[in-house]
Amino acid sequence: MFNPASQFLLFLLAAALIQNIVLTSGFGGSIMLRIVRRPRDIVVFSGLLAAFSVLTVLIAYPLDILIGTGSTAKLFRPVMMIAIAAALYLAAYLLLSRLAPSVYQRVSRLLPLAAFNNLVIGMALVVNLQTAMSLPGAIGLSLGSCLGFLILSWLTAEGMERFDNPDIPQSFRGLPATLVYLGILALALLGFSSQINLF
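Residues numbered from 1 in each chain as written. Predicted model: local features only at pLDDT ≥ 70, side-chain atom pairs only at ≥ 80, totals over all residues. Heavy atoms only, no water.

*Asks:* Is there a simple way to think about the nonpolar core in this case?
*Replies:* Most often, soluble globular proteins have nonpolar side chains that are buried together. Grouped together as the largest cluster of nonpolar side chains are 29 residues, with contacts concentrated most on Met 32, Phe 45, Leu 48, Phe 52, Leu 111 and Leu 182. Among the secondary structure elements, those contributing two or more residues to this core are α3 (29-35), α4 (41-67), α5 (71-99), α6 (101-107), α7 (111-121), α8 (135-161) and α9 (175-192). Sort the elements by how many residues they give to this core and α4 lands first, with seven residues. Not counting chain neighbours up to four residues away, the residues in contact with Met 32 comprise Phe 149, Leu 152, Ser 153, Thr 156 and Leu 182. Of all hydrophobic cores here, the second largest spans six residues; its members include Val 54, Val 57, Ala 138 and Leu 141. (Core = buried A, V, L, I, M, F, W, Y, C linked by side-chain atoms within 4.5 Å. Buried < 20%, exposed > 50% of the residue type's maximum accessible area, 1.4 Å probe, protein only. Helix = DSSP H or I, 4+ residues; strand = E, 2+ residues; numbered from the N terminus. Contact = heavy atoms within 4.5 Å.)

Right, dumping it as structure tokens:
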């Protein structure tokens, strides 16, 4: 089949470009619209999200193997993911606030959003054994989802800068124009996945 490195790259590119989780499912859309209001926070937030996602996968993958796939595991898995996200947030808070207070001041507003948006977007759930994914594939999928979030946030921020155009009717400015713009982006990325056939 695929070696671990190629599986990592395959899932990374698929999650970033073809199956962008924000556009295909809507998860994380509200947080993305909040982050793009301050474009300088996009890269910082995406980096924090990637760190939390990878750490969650690295912790949850072996635990997921231990709990198995039974009916009890399906009930326990979400609690396990929430506990991991909470523990990672607390660890990041304690480490940054004590060891790097200047960094903590910069990211304090974004830290809880990144830690728990990790669960909203669904990065942590890629470790489910039912997908039969290897650890490098799960890491590639979580990094790819974060890369896709970064690309989409950047494209949205660029588009929102142009929404103050006087040619746009007053009633169409703001959220309506943003939703139409995101819909067009979703269709463009859907074309990469070959799910639309014109002929």
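So much for the structure itself; the text now carries on.
*Asks:* Can you help me understand the pattern of salt bridges in this one?
*Replies:* Where charged atoms from two side chains of opposite charge come close, those side chains can pair. Within this structure, the stated rule accounts for three salt bridges. As a salt-bridge pair, Asp 41 and Arg 106 come within 3.1 Å of each other at their nearest N and O atoms. Taken as a pair, Asp 41 in helix α4 and Arg 106 in helix α6 lie far apart in primary sequence, 65 residues in all. The class of Asp 41 is buried, set by a relative accessible area of 2%. Across the salt bridge formed by Asp 41 and Arg 109, the nearest N and O atoms sit 2.2 Å from each other. Of the two residues, Asp 41 sits in helix α4 while Arg 109 sits in the loop between α6 and α7, which places them 68 residues apart along the sequence. The network of salt bridges with common partners includes Arg 38, Asp 41, Arg 106 and Arg 109. (Salt bridge = Lys/Arg side-chain N within 4 Å of Asp/Glu carboxyl O.)

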